[in-house]
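# Examining the three-dimensional arrangement
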Amino acid sequence: MHEAPPTPAATSPAVPAEPLSHGLKQRHLTMLGLGGVIGAGLFVGSGAGIAVAGPAIVVSYLIAGALAMLVMRMLGEMSAAMPASGSFSVHAERALGRWAGFSVGWLYWFLLVVVLAVEATAAAQIAHGWVPGVEPWAWVLLFMVVFTVANLTAVKNFGEFEFWFASLKVGAIVVFLVLGGLAVFGLLPDTDPVGMTNLTGQGGFLPNGWSGVVSGVLTVVFAFGGLEVVTIAAAETDDPARAVGRAVRSAVVRILFFYVGSMLVIVTVLPWTAQQAGLSPYVKVLDAIGVPSAGQIMNIVVFVALLSALNANLYGSSRMIFSLAERGEAPRGLLKVSGGGAGKGGGADGSSDGSSGQAGGVPRRAVLASVAFGFVSVLLNLLWPDTVFLYMLNSVGAVLLFVWALIAASQLRLRARLEQEAPDALALRMWWFPYLTWVTLAGLLGVLLLMLTDDAARPQVLWSAGATALVLLVAVGRERRERRTSGERGASGSARR
């Protein structure tokens with residue numbers, strides 16, 4: 001098995017499973033942690049946040065980033081102590097019960113395969129702009145096929161894709177910060193020192209007051225989604241506990257620096273009133289300081305960011321549904337992995353699927369199941385973007401916050417258990433436990449309540465709450481049915497005796 005929990009086994013029935021590969025290296029995991037959360041939400045979506053918060057978007061990012069950093073620290077603590085391909089789904093099951101593991105696992109899987117369609121479609125639109133002769137649907141098909149093949153082969157291929165994708169994104173942010181910093185101090189050709197003019201002018205640092213900061217938080221908090229994949233991927237390294245600890249430590253502070261640093265440069269170099277929702281503030285800054293072809297450069301970066309997110313979502317969704325199958329919460333047929341790389345070929349019955357070498361230990365059926373639903377999502381997005389797919393997208397709009405809340409609730413329960421039963425497993429500890437965990441839960445609840453008061457965000461909360469309620473009903477119904485079946489079997493056995 002690829003999991004090694006120090007705590008007692010979960011109450012769900014164990015399902016025989018083959019081991020996943022350990023083909024990911026520390027550099028893959030570290031760069032996945034750094035680059036996995038840097039996407040189109042930062043490069044393009046941040047413009048909407050600046051438009052509502054002004055220069056105070058820096059504060060909005062600090063608040064949203066602090067929430068994400070605390071959740072990641074909690075998740076890192078549990079994943080270092082209990083590495084598992086299902087990550088927080090496994091932790092929720094051990095802490096709160098099967099209903100929690102089932103619910104958070106399926107909700108997160110649904111979130112990934114739906115968002116995958118948005119990323120594939122957006123990347124196809126960019127590619128269509130470069131090559132107008134190729135229709136967007138053909139680009140979508142190409143992207144899906146390429147990343148499906150990459151995920152069906154060795155896990156190291158996923159790691160290499162993400163390593164270089166993330167390297168480009170991180171490199172772009174670093175170059176932007178350097179150029180922007182030089183522009184602020186007038187050290188670039190034909191530039192004068194900016195000073196504090198743009199931070200204090202046009203209405204001041206808080207042009208829309210603290211309500212603008214709050215609106216900014218609602219706009220940018222979801223840009224931090226994606227960090228969770230690091231802890232899912234950690235289970236496929238040689239030393240999961242050490243790897244996830246190092247990745248979490250290096251990622252959270254640097255990501256906060258990239259996000260907050262970028263926003264500070266943007267609102268310092270240009271007036272916040274120059275920004276518009278839907279347009280990249282990075283392009284505007286690069287244009288202002290004289291970088292040639294800034295728009296095309298940023299298009300390339302956004303394109304890579306979208307493909308990176310598509311690749312990571314396909315990987316994360318396949319491992320999540322594999323973990324659900326392993327715990328009896330998804331069809332057992334999804335447990336089949338390719339033979340070879342893990343050192344053990346074939347299935348639970350000793351059969352082999354014929355693959356060998358470095359392609360071993362890949363849950364191919366789980367990958368194909370995730371891709372199949374991803375294709376359905378893409379078709380819905382292409383055919384009915386403003387109706388069917390919009391409802392689908394709204395139904396996962398706030399799921400990330402529900403997932404984060406369950407991570408915090410799980411950590412509250414498991415931390416106490418670990419301190420009693422396996423204190424040595426706590427290689428990475430949550431800060432100021434349990435106070436910051438409760439603060440995080442309160443913050444997440446606050447964001448959800450604020451979304452309910454926002455006309456644009458309210459449908460996402462309501463539809464996501466409906467989807468969550470439906471999954472919870474299924475989970476509770478399954479659990480009750482299994483208990484009733486177990487009771488009937490027990491009574492039947494007693495009668496025979």
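Residues numbered from 1 in each chain as written. Predicted model: local features only at pLDDT ≥ 70, side-chain atom pairs only at ≥ 80, totals over all residues. Heavy atoms only, no water.

## Some details on the pattern of salt bridges
With the rule as written, the count across this model stands at nine salt bridges. The shortest N-O distance in the salt bridge between Arg415 and Glu77 comes to 2.7 Å. Remark: Glu77 occurs in helix H4 (residues 57-81) and Arg415 occurs in helix H17 (residues 399-421); sequence separation between them is 338 residues. Residue Arg415 shares its accessibility class with Glu77, and that shared class is buried. Here Arg415 ties to Glu419 by a salt bridge, and the two come within 2.9 Å at their closest N and O atoms. Of this pair, Arg415 and Glu419 both sit in helix H17, separated by four residues, roughly a single helical turn. Beyond isolated ion pairs, a larger network of salt bridges with shared partners links Glu77, Arg415, Glu419 and Arg429. (Salt bridge = Lys/Arg side-chain N within 4 Å of Asp/Glu carboxyl O. Helix = DSSP H or I, 4+ residues; strand = E, 2+ residues; numbered from the N terminus. Buried < 20%, exposed > 50% of the residue type's maximum accessible area, 1.4 Å probe, protein only.)

## Thoughts on helix H8 (residues 155-184)
With 30 residues, H8 should reach 44 Å at 1.5 Å per residue; the first-to-last C-alpha distance of 43 Å fits that figure. Looking at the residues trailing H8, positive phi occurs at Gly186, about 70°. (Expected span 1.5 Å × (residues − 1).)

## Some remarks on unusual backbone geometry
Each neighbour pair has its own omega, and for Phe433 with Pro434 the value is 0°, a cis peptide bond. Inspection of the secondary structure puts Pro434 in the loop between H17 and helix H18 (435-453). One non-glycine residue, Ser87, adopts positive backbone phi at about 45°. Within the fold, Ser87 resides in the loop between H4 and helix H5 (88-96). Using a relative accessible area of 1% as the deciding quantity, one classes Ser87 as buried.

Nothing here speaks to function; it is geometry throughout.
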